[in-house]
Amino acid sequence: MCSAQTTWEPAKSCTIPTMKDALINAMTPVPPTPRRSLTWDRGKELSAHALFTEATKTPVYFADAKSPWQRGSNEHLNGLLRQY
């Protein structure tokens, strides 16, 4: 059983290299089993996904439009954040 804790902090800037670097820093300490893949929404924030995959060896998949079930943990986290 693997337990994960998610923290959320507002970004200081939202440039593509910053997002890629932040994700690399967040994913690097995570053990290999829970980071087998990353499913991302269809935004431009992860346009550097190939560099992210190269750095972390974590493949990135993009969810289809209007298919929230393809991003289960993302939708769960969004629901939790909406409570606050």
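Structure first, text after, so check above.
Please read these numbers as outputs of a predicted model, since none were measured by experiment.

Participant: Hey, could you go over the overall build of the protein chain for me, with residue numbers and the actual values?
Facilitator: Across its full length, the protein chain carries three helices and two strands. Mapped in sequence order, the helices and strands of the protein chain form the string α-β-α-β-α. Looking at the protein chain as a whole, 19% of its 84 residues are labelled buried. Across the protein chain, every contact between residues at least 6 apart in sequence was considered, and the portion connecting residues at least 24 apart equals 38%. Approximately 6800 Å² of the protein chain is accessible, and the part contributed by carbon and sulfur atoms is 56%.

Participant: Summarise the nonpolar core; cite the residues concerned and give the values.
Facilitator: Formed by L23, I24, M27, L38, W40, L46, F52 and V60, the largest nonpolar core amounts to eight residues. Every element with two or more residues in this core is listed here: α1 (16-27) and β1 (38-40). When residues in this core are grouped by element, the largest group, three residues, is from α1.

Participant: Break down the pattern of salt bridges for me, citing the residues and quoting the values.
Facilitator: Throughout the structure, instances matching the rule amount to one salt bridge. Note that D21 and K20 form a salt bridge whose closest N and O atoms lie 2.7 Å from each other. For D21, a relative accessible area of 35% corresponds to the partly exposed category.

Participant: How would you sum up the side chain of T56? Please name residues and give values.
Facilitator: Looking at the element boundaries, T56 is found in helix α2 (residues 49-56). In terms of polar contacts, T56 uses its side chain to reach the backbone carbonyl oxygen of F52, at 2.8 Å. Apart from residues no more than four positions distant in its own chain, T56 is found in contact with I24, M27 and R35.

Participant: If you had to explain unusual backbone geometry to someone new, which residues and values would you point to?
Facilitator: Leaving glycine out, the prevailing phi sign among residues is negative, and the prevailing peptide bond configuration is trans. One non-glycine residue with positive phi stands out, namely K57, at about 60 degrees. Of note, K57 is situated in the loop between α2 and β2 (60-62). Using a relative accessible area of 65% as the deciding quantity, one classes K57 as exposed.

What counts as what
Residue positions are counted from 1 within each chain, in the order its sequence is given. It should be noted that, the model being predicted, local features are given only for residues of pLDDT at least 70 and side-chain atom pairs only at 80 or more, the latter also being counted only at that level, while totals for whole chains, interfaces and linings use all residues. The side-chain figures draw on all heavy atoms in the structure; neither hydrogens nor water molecules are used. Only DSSP runs of H or I covering at least 4 residues are called helices, and only runs of E covering at least 2 are called strands; the numbering of each starts at the N terminus. For every residue, the accessible area (1.4 Å probe, protein chains only) is compared with the maximum for its type, and the residue is labelled buried under 20%, exposed over 50%, or partly exposed between those bounds. Whether two residues are in contact is decided by their heavy atoms, any of which lying within 4.5 Å being enough. Accessible surface is estimated by sampling points in the Shrake-Rupley manner with a 1.4 Å probe; for residues, cover comes only from the protein chains shown. To qualify as a nonpolar core, a set must consist of buried Ala, Val, Leu, Ile, Met, Phe, Trp, Tyr and Cys residues joined through side-chain atoms within 4.5 Å. The rule for a salt bridge is simple: a side-chain nitrogen of Lys or Arg has to be within 4 Å of a carboxyl oxygen of Asp or Glu. Side-chain atoms alone can form a polar contact between residues adjacent in sequence; in general such a contact is a pair of N or O atoms within 3.5 Å, and within protein one must be able to donate a hydrogen while the other accepts it.

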